[in-house]
2 protein chains.
Amino acid sequence: MTTAAAAPTLAPAEHAAMQRALALAATEGISPGPNPRVGCVLLAPDGATLAEGLHRGAGTPHAEVAALAAARAAVGPGTLRGATAVVTLEPCAHTGRTGPCAEALLDAGIARVVYAQADPNPAATGGAARLRAAGADVVGPACPDEARALNPVWTRAMELGRPYVTWKVAASLDGRTAAADGTSRWITSAVARRDTHRLRGAVDTVLVGTGTLLADDPALTVRDADGAHGPQPLRAVMGRRDLPPSTRLAAPGPDGAPAVHLRTRDPRAALADLWERERRHVLLEGGATLAAAFWRAGLVDEVVAYVAPVLLGTGPAAVGDLGITTITGAARLDVTDVAVLEPDPDDLAPPGAARSGAAATNLRLTLTPRKES
Amino acid sequence: MTTAAAAPTLAPAEHAAMQRALALAATEGISPGPNPRVGCVLLAPDGATLAEGLHRGAGTPHAEVAALAAARAAVGPGTLRGATAVVTLEPCAHTGRTGPCAEALLDAGIARVVYAQADPNPAATGGAARLRAAGADVVGPACPDEARALNPVWTRAMELGRPYVTWKVAASLDGRTAAADGTSRWITSAVARRDTHRLRGAVDTVLVGTGTLLADDPALTVRDADGAHGPQPLRAVMGRRDLPPSTRLAAPGPDGAPAVHLRTRDPRAALADLWERERRHVLLEGGATLAAAFWRAGLVDEVVAYVAPVLLGTGPAAVGDLGITTITGAARLDVTDVAVLEPDPDDLAPPGAARSGAAATNLRLTLTPRKES
């Protein structure tokens, strides 16, 4: 994590422009995919706002370029000479789907750049240095924590150089995912199951092992009450066994393609493959063996645990062998959020709802593994 | 549960007196032991308060008798003729350590009795009928829910004719009580462990199996930061094996006596024995086999689960075999309370506190088994 030793001093107009740029980046309804949320405001030398821009997703202009285009359209190119660009992320220096923003800013005659967060992407960093080398006045990182909060998962993934991994566990209070005979419908409540779809919709990849594929034949799509909606994560299966053609993951999904098959048992190799596919956030959806392999490899960044008020006594465990033999080796986590998921009134009505657990109060715990010093 | 079909109409002075009687019964610092909390207010025919009384525990006067004595001391015996007794529990008709309150009220010349809750104790009921038969005007149950809330455990125990049973579970997020090698210090946090002492202090009996006795040699006393304090529950061990003289439960406890040994494996027989000892609230403290036996016998009324943000993967399960083979037989519970137990600042300081889990956020869930229709 990059933190400024002391926050650089900004002019009042720059401070206000940075708050606006952060708000632009946080615009609702934007799903920038593998890219970060970024906002940019261009200021005239007198502090007046010339234009704004934000990044709307892979293949579309970066926030700086969008702001430059807006300024040119509104006030003409000449007025940008000597202007200041206030942007939530260090301008990139690399050519991806779009050209480097540092060059675009220099070409436009921007004299000063204020950025909130240094670029944690090793492939994109160097923009500030490039701008300085070309004579621009560069200030940043000005408020890295606020900017990081816009893109916490993306930032962490960039720092790690691999997708951020969230492990979803749904279990009875005694840590089981099914009864002794393997039956499991339902342990968690209807609200918890809907929340799982929300969680899927917030990641870009859902991953299961071939064991779960064969046992459960999951669809791994995002559904709401009306069916399939919104952005769908990439569906991925990991393991050496073939995907039977009759399974739902072998059939075309919402993106028209079958699930990606990662033919490896090595979590690191699987993540490297997904990283190449520009995947930044992977949700481990099952089973216990897959998650345990990621855990043992130190590749779990977050755990989201749904706990149902159910006792089973026997049956498959939600958590596999983590290689822990004694209590000093226990996997300890920090609780970052506790949500009490109360049943919806609609869930209370159907016959058998209480008996099936659909209408129960469930808990959702969000946890991060402790890094022991 | 006894519920009035419609709340009887009370005079304004009687309504106010009932609120006062409920408050008297709820007086802090009173531990009535095996008896319920009861309050009583005596009103003159004009509605003026003559005296108040409350029950302070086994062997001391019942609330009605305490109020009668206070009235006689304050205003003389004659003034009670034609008075009204407002009391939170139906006056008893039986002779226990004290005489029947119904007779005492009649002897004092009380003409009208308003009570909040019918007596759920089969041995004590009949007071209202006795009073009516003797010509008194009797109104009740006037507000059974408020009165029941004073003594929820006592009321339920009386209805059941056995002690109310709370099962305490403390486990990792994946439902384990120790690592693979049996080590378990510590899974739960310092705050959770202190909360366990609070829980012990709120029951009148703590019960373990001989297996837990032999494995853990528990003391089962109530301790706070300063050592042993406050009322101590009866310590009881259940099982056919002898208690080794070297164990802490075989040594005299805070009450000067060793733990009671219930030489049975039958939970119902154990509870009958404890009932004879006037025990009304039993806390199952371990282990999993003992609790499972109570669960299978339908003798668990409440579960208090401490959940620590720890994963173990392997190791002993917190919940034993409940006889559940398929998901339709799952033990479902209602969540009645969720408490997030944040670490105390003092727990954060000691070296190794984070590593040991002492300073972690734990959860406490209170649950009641669902009664399927």
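It should be emphasised that the depicted structure is a prediction, and the values quoted were computed from it without experimental measurement. (Residues numbered from 1 in each chain as written. Chains lettered and ligands numbered in written order. Predicted model: local features only at pLDDT ≥ 70, side-chain atom pairs only at ≥ 80, totals over all residues. Heavy atoms only, no water.)

(A) Here's a closer look at the nonpolar core. Ranked by size, the top nonpolar core spans 87 residues in total, and within it Trp 167, Leu 284 and Phe 294 of chain A together with Trp 167, Leu 284 and Phe 294 of chain B carry the most contacts. Contact partners of Leu 284 of chain B, with chain neighbours within four places excluded, come to Val 165, Thr 166, Trp 167, Lys 168, Leu 207, Leu 290, Ala 291, Phe 294 and Val 300 of chain B. (Core = buried A, V, L, I, M, F, W, Y, C linked by side-chain atoms within 4.5 Å. Buried < 20%, exposed > 50% of the residue type's maximum accessible area, 1.4 Å probe, protein only. Contact = heavy atoms within 4.5 Å.)

(B) How the structure looks around the relation of the copies chain B and chain A. Placing chain B over chain A gives an RMSD of 0.1 Å and needs a rotation angle of 180 degrees, together with 0.0 Å of translation along the axis. The superposition operator between the copies reduces to a two-fold rotation axis. Judged by C-alpha distance, Gly 175 of chain B is the residue of chain B that lies nearest the rotation axis, at 2.4 Å. Here 100% of the contact residues of chain B are again contact residues in chain A; the copies associate through an equivalent surface. (Least-squares fit on C-alpha atoms with pLDDT ≥ 70 in both.)

(C) Spatial organisation of the interface of chain B and chain A. On the chain A side, the residues contacting the 51 residues of chain B number 51 residues. Counting the surface lost from both chain B and chain A, the interface buries some 4,000 Å², and carbon and sulfur atoms represent 61% of this. Summed over the shared surface of chain B and chain A, the result is 0 salt bridges. Counting the contacts that link chain B with chain A gives 16 residue pairs in polar contact (both at pLDDT 80 or more). Secondary-structure elements contributing two or more residues to the side of chain B that touches chain A are strand S13 (302-308), strand S14 (310-311), strand S15 (331-341), helix H12 (353-356) and strand S16 (362-369) of chain B. Residue contributions to the side of chain B that touches chain A peak at 6 residues, all from S15 of chain B. The residue inventory of the side of chain B that touches chain A, partitioned by class, reads 30 nonpolar, 12 polar and 9 charged. (Buried area = accessible area lost by both parts, 1.4 Å probe. Salt bridge = Lys/Arg side-chain N within 4 Å of Asp/Glu carboxyl O. Polar contact = N/O pair within 3.5 Å; in protein donor to acceptor, adjacent residues only side chain to side chain. Helix = DSSP H or I, 4+ residues; strand = E, 2+ residues; numbered from the N terminus. Nonpolar A, V, L, I, M, F, W, Y, C, P; charged D, E, K, R; others polar.)

(D) A look at helix H9 (residues 267-276) of chain A. Residue and element names in this part refer to chain A. By the burial criterion, the buried members of H9 are Pro 267, Ala 270, Leu 271, Leu 274 and Trp 275. Along H9, the residues classed as buried sweep out an arc of 140 degrees about the axis, all on the same side. A distance of 3.0 Å separates the backbone nitrogen of Arg 268 from a side-chain oxygen at the start of H9, and that oxygen is part of Asp 266. Of the residues trailing H9, Glu 278 is marked for its positive phi of about 65 degrees. (Arc of directions from axis to C-beta.)

(E) Spatial organisation of the packing of helix H2 (residues 63-75) of chain A against helix H3 (residues 101-108) of chain A. Residues and elements named next belong to chain A. One way to put it is that H2 packs onto H3 with a least axis distance of 9 Å and a crossing angle of 25 degrees. The angle between the axes of H2 and H3 places the two elements in the roughly parallel class. In this structure, the crossing between H2 and H3 has a hand that is left-handed. Between H2, through Glu 64, Val 65, Leu 68 and Arg 72, and H3, the contact on the second element is made entirely by Cys 101, Ala 104, Leu 105 and Ala 108. Here the residues of the contact of H2 with H3 sort into 6 nonpolar, no polar and 2 charged. (Axes fitted to C-alpha atoms, helices over the stretch in contact; angles between N-to-C directions. Parallel < 35°, antiparallel > 145°, perpendicular 65-115°, else oblique. Left-handed = near helix turned anticlockwise from the far one by under 90°.)

(F) Structural view of the layout of surface pockets. Residues and elements named next belong to chain B. When its volume is computed, the second largest pocket comes out at roughly 1,400 Å³. If you trace the second largest pocket, you find 44 residues lining it, with Lys 168, Trp 186, Arg 200, Asp 216 and Glu 285 closest to the centre. Take the lining of the second largest pocket: its biggest share by element is 8 residues, from helix H7 (residues 190-202). Here the lining of the second largest pocket is built from residues that sort into 21 nonpolar, 12 polar and 11 charged. (1 Å grid on protein atoms, 1.4 Å probe; cavity = no way out; pocket = protein on both sides within 12 Å on 5 of 7 lines; lining within 4 Å. Points joined across faces, edges and corners; volume = space filled by probe spheres on them.)

(G) Spatial organisation of the sheet that holds strand S1 (residues 39-43) of chain B. All names here are of chain B. If you trace the 5 strands from one edge of the open sheet to the other, you get S2-S1-S3-S4-S5, paired in mixed fashion. Strand pairing shows two members of the sheet lacking a second neighbour, strand S2 (49-54) and strand S5 (137-139), which therefore form its edges. Strand-to-strand twist in this sheet, taken as the mean axis angle between neighbours without regard to direction, amounts to 15 degrees. Pairing between strand S4 (residues 112-117) and S5: 3 bridges, direction parallel. Bridging from a neighbouring strand, Val 114 pairs with Val 139 of S5. Along the sheet face, helix H1 (residues 12-25) touches S1, S2, strand S3 (84-89) and S4 and points at about 150 degrees away from the line of S1. (Pairing = 2+ DSSP bridges.)

By themselves, these figures tell us nothing about what the structure is for.
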